[in-house]
Amino acid sequence: MAQPQAPMRPSRQLAVLALIFIVFGLLTWFGGSGGWRDRLEPKLGLDLIGGTTVTLQARTENGQAPTRQQMENARRIIDQRVNGLGVAEAEVVIEGSNNIVVSLPGKSDDRLKQVGQTAELRFRKVLNQTGDTGATDPSGSASPSASTSGSAAPSGSASAPASAPASTSAQPSASTSASESAPAAGASATPSASLLPGIAERRAEVQKKLGEAVWAAALQEQAPLDFAKDPAKAEAYKPFKDLTPEEVAALPASMQFNIPYVTCDKLDRRPVGSVRNDKEKVVACGQGVKYQLDLAKVLGTDVSKADSGINSQNGKWTVNLSFTGSGQNRWTDLTREAYNGGSNPQQVAVVLDNEVVSAPTIQSVIPGDAEISGTFNKSSAELLASQLQYGALPLSFESQDAQSISATLGSSHLEAGVLAAGIGLALVVLYSFFYYRLLGGVIMISLVLSGALVYMALVILGRQIGFTLTLAGFAGFIVSLGVAADSFVIYFERLKDEIREGRSPRSAVPRAWVRARRTIISANTITLLAAAILYFVSIGSVKGFAFALGVATILDLVVVFLFRHPIMTLFARSKAFLSPRVSGLGRVLEQRSTSDAAPTRRNRPKEA
């Protein structure tokens, strides 16, 4: 027989529940921004509010159609980037032979436009740097200056969603990704063994366009030119002004760096992968500074983990990197080489795709992790960490125009679902009051509290992990209400059993709780296990359904332990609870009273 619990103080459990509501309420209200609707509205899915869709067109180095395996690998990486835990309810599908269509709920944002970026990472020592002449004619601008020291503040653009001001800390910035192969700017005038397929042919075409004399003269330049001091060279090298970003990518690195007509705007818009070759010196820009960079000594494949966080010292968002065992050794060797014993510390550029996102001066040998610091906000830091964490795309993609999609069908279904849920809930409440009376009030209040917790959890999870409510997730919450109602029946029927056995309502409440608790925990554990299995083995909307069901079940258990049992303990001490008409235990109490009043063999008077 179950033993009664020790005397409890229900006020403690109720106080804990009140504290949970306060914390959830504060996170819900102050965790958002804007008006009350923006603060209290959860993130809704494509089928409820519509969203934005963009088509990413795949491109290969040789111009041929990508393989099915390449497209599937790219789809998987993009899905991980936009869907994170699998509860953002984004849609990533392959369309045709070379298109991937990405759809996100709500309005279009930078995340949708940038998910197709390759996110390839390279750490390269800075060999030289010069100012960018911009889009103006270099002959009329201030002379660029070359230097091998100092700090510059590189910036990001569409392919690197962050800007990173110069840093003198011992922890340079970083990012992760896996890299394959792609065209890179060569370092010599003639094709070399390290040139990747297609570069030699494109370089020959550019050489023909510029002319043999201009090409040969540009190869002889040993430092960045100052057209303000040498107008003759400005005139001689004017053919470089007509080069496209694709043609600039085929130039040797020395030309890209020394000829002012090769601006950062053109360098930034080179095809994706133009500086991917880790065996050659390259040129890349960052925030108006043109960098001449050494071979890549540390790659994205050397990074084991990338995540975002807030720097405890300055309160700014950063992207933090951890390295693999061999990658850590290469990173430490690179910082040792750049530190140069402290006599002439050099910068190490963090190159993401075609751009330098940070170029800090190395102040000491760094045996640990790396950090990208810059003008990140929460969204851009999380996006960059996600891109790097989930690796580089096996293909380069060109984003097409984004389009809005409507949700009229989902909205009508949601209205029907809400109506059905409301009718069902109303019937449960009416039946509870009819059958349990006062106990029916406990059921109703518990469901209201559980619903409020679930709603606030929806808002909070939407902000923190991108959880998006869809019709499938809504169905998960409805199912959880049925599980919660079942636990009430288990508890109240146990309570009736205790009273039938001759105990008073006050003593029956704790005994019934002990007996019902195991059954309630077992039933909810089974539900949680089913939700967990569905979450880990399923994809798409089923994953959202499983996540919603699991969250709601956990919150229902919180209400069961912190509200239902304590409030029943308080009711058991009241006179109303002892009334058959009010408590909902009428028939049981009446049956017990009749049984108590009936004579038994022991107390019957002996016949004379």
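Residues numbered from 1 in each chain as written. Predicted model: local features only at pLDDT ≥ 70, side-chain atom pairs only at ≥ 80, totals over all residues. Heavy atoms only, no water.

(A) Molecular detail of the UniProt feature "transmembrane region" (unreviewed entry) in the chain. Mapped onto the present numbering, the UniProt feature "transmembrane region" (unreviewed entry) falls on residues 12-32, 416-434, 441-461, 467-492, 520-539 and 545-563. The straight-line gap between the two end C-alpha atoms of residues 467-492 is 35 Å; of that span, 85% is helix and 0% is strand. Within residues 545-563, the helical portion is 100% and the strand portion 0%, while the C-alpha atoms at the span's ends are 26 Å from each other. (UniProt positions renumbered as here; feature names shortened; annotations may be inferred. Helix = DSSP H or I, 4+ residues; strand = E, 2+ residues; numbered from the N terminus.)

(B) Inspection of helix 16 (residues 471-500) at higher detail. Taking 1.5 Å per residue, 30 residues should reach 44 Å; helix 16 reaches 44 Å between its end C-alpha atoms and fits that length. Immediately beyond the C-terminal end of helix 16, within one or two residues, lies Gly502, with a positive phi of roughly 105 degrees. (Expected span 1.5 Å × (residues − 1).)

(C) Examining the confidence of the model for the chain more closely. Mean pLDDT over the chain works out to 76, with 77% of the residues at or above the 70 mark. Per-element confidence in the chain ranges from a low mean pLDDT of 33 for strand 5 (residues 146-147) to a high of 93 for strand 7 (residues 289-299). A low-confidence stretch, residues 138-194 stays under pLDDT 50, and its non-local contacts, those more than four residues away or across chains, total 220 contacts. (pLDDT = per-residue confidence, 0-100. Contact = heavy atoms within 4.5 Å.)

(D) Seen up close, the environment of Leu293. In this structure, Leu293 sits in strand 7. As a C-alpha pair, Leu293 and Lys281 span twelve residues in sequence and 5.6 Å in three-dimensional space.

(E) Focus on the state of the cysteines. Scanning the entire structure with this criterion turns up one disulfide. The disulfide bridge from Cys264 ends at Cys285, spanning 2.1 Å between sulfur atoms. Every disulfide takes its handedness from the sign of the S-S torsion; for Cys264 and Cys285 that torsion is -80 degrees, giving left-handed. Taken together, the residues span a long stretch of sequence, with Cys264 in helix 11 (residues 264-268) and Cys285 in strand 6 (residues 282-286) at a distance of 21 residues. The same class applies to Cys264 and to Cys285, which are both buried. (Disulfide = S-S within 2.5 Å. Buried < 20%, exposed > 50% of the residue type's maximum accessible area, 1.4 Å probe, protein only.)

(F) Inspection of a nonpolar patch on the surface at higher detail. A surface patch of nonpolar side chains, amounting to about 1,000 Å² of accessible area, comprises Leu19, Ile22, Val23, Leu26, Leu27, Trp29, Phe30, Trp36, Leu40 and Tyr455. Only helix 1 (10-30) and helix 2 (36-40) provide two or more residues apiece to the nonpolar patch. The leading source of residues in the nonpolar patch is helix 1, at seven residues. Here Trp36 is to be found in helix 2. Judged by its relative accessible area of 61%, Trp36 falls in the exposed class. (Patch = residues over 30% accessible without salt bridge, like charges linked within 9 Å, V, L, I, M, F, W, Y side chains within 5 Å. Areas by Shrake-Rupley, 256 points an atom, 1.4 Å probe, with all protein chains shown as cover. Salt bridge = Lys/Arg side-chain N within 4 Å of Asp/Glu carboxyl O.)

(G) Broad picture of unusual backbone geometry. In the Ramachandran plot, Gln287 falls in the positive-phi region, its phi being about 50 degrees despite a non-glycine side chain. By the element assignment, Gln287 lies in the loop between strand 6 and strand 7. The class for Gln287 is partly exposed, based on a relative accessible area of 40%. A positive phi angle, near 55 degrees, is found at Asn340, a position not held by glycine. Tracing the chain through its elements places Asn340 in the loop between helix 12 (325-339) and strand 10 (348-352). For Asn340, a relative accessible area of 40% corresponds to the partly exposed category.

(H) Geometry of the nonpolar core. Formed by 47 residues in total, the largest nonpolar core has its most connected members in Leu469, Phe477, Tyr491, Phe492, Leu495 and Met568. Elements that contribute at least two residues to this core include exactly helix 1, helix 15 (438-464), helix 16, helix 17 (505-537) and helix 18 (541-572). In terms of residue count, the dominant contributor to this core is helix 18 (14 residues). Beyond its immediate sequence surroundings of up to four residues, Phe492 is in contact with Tyr436, Leu439, Val442, Ile443 and Met568. Judged by nonpolar contacts, the second largest core, of 25 residues, contains Ala119, Val319, Leu321 and Phe376. (Core = buried A, V, L, I, M, F, W, Y, C linked by side-chain atoms within 4.5 Å.)

(I) Summary view of the side chain of Thr527. Structurally, the position occupied by Thr527 is in helix 17. Looking at Thr527, the relative accessible area reads 15%, which means it is buried. In this structure Thr527 touches Val483, Leu549 and Thr553, once residues within four positions along its chain are discounted.

(J) Structural view of the pairing of strand 3 (residues 99-105). Of all seven residues in strand 3, seven are buried, a share of seventy percent or more. Of the two faces of strand 3, the one holding Asn99, Val101, Ser103 and Pro105 and the one holding Ile100, Val102 and Leu104 are both buried throughout. Pairing of strand 1 (residues 51-59) with strand 3, which is carried by seven bridges, proceeds in the antiparallel orientation. Residue pairing in the sheet places Thr53 in a bridge with Ser103 of strand 3. (Pairing = 2+ DSSP bridges.)

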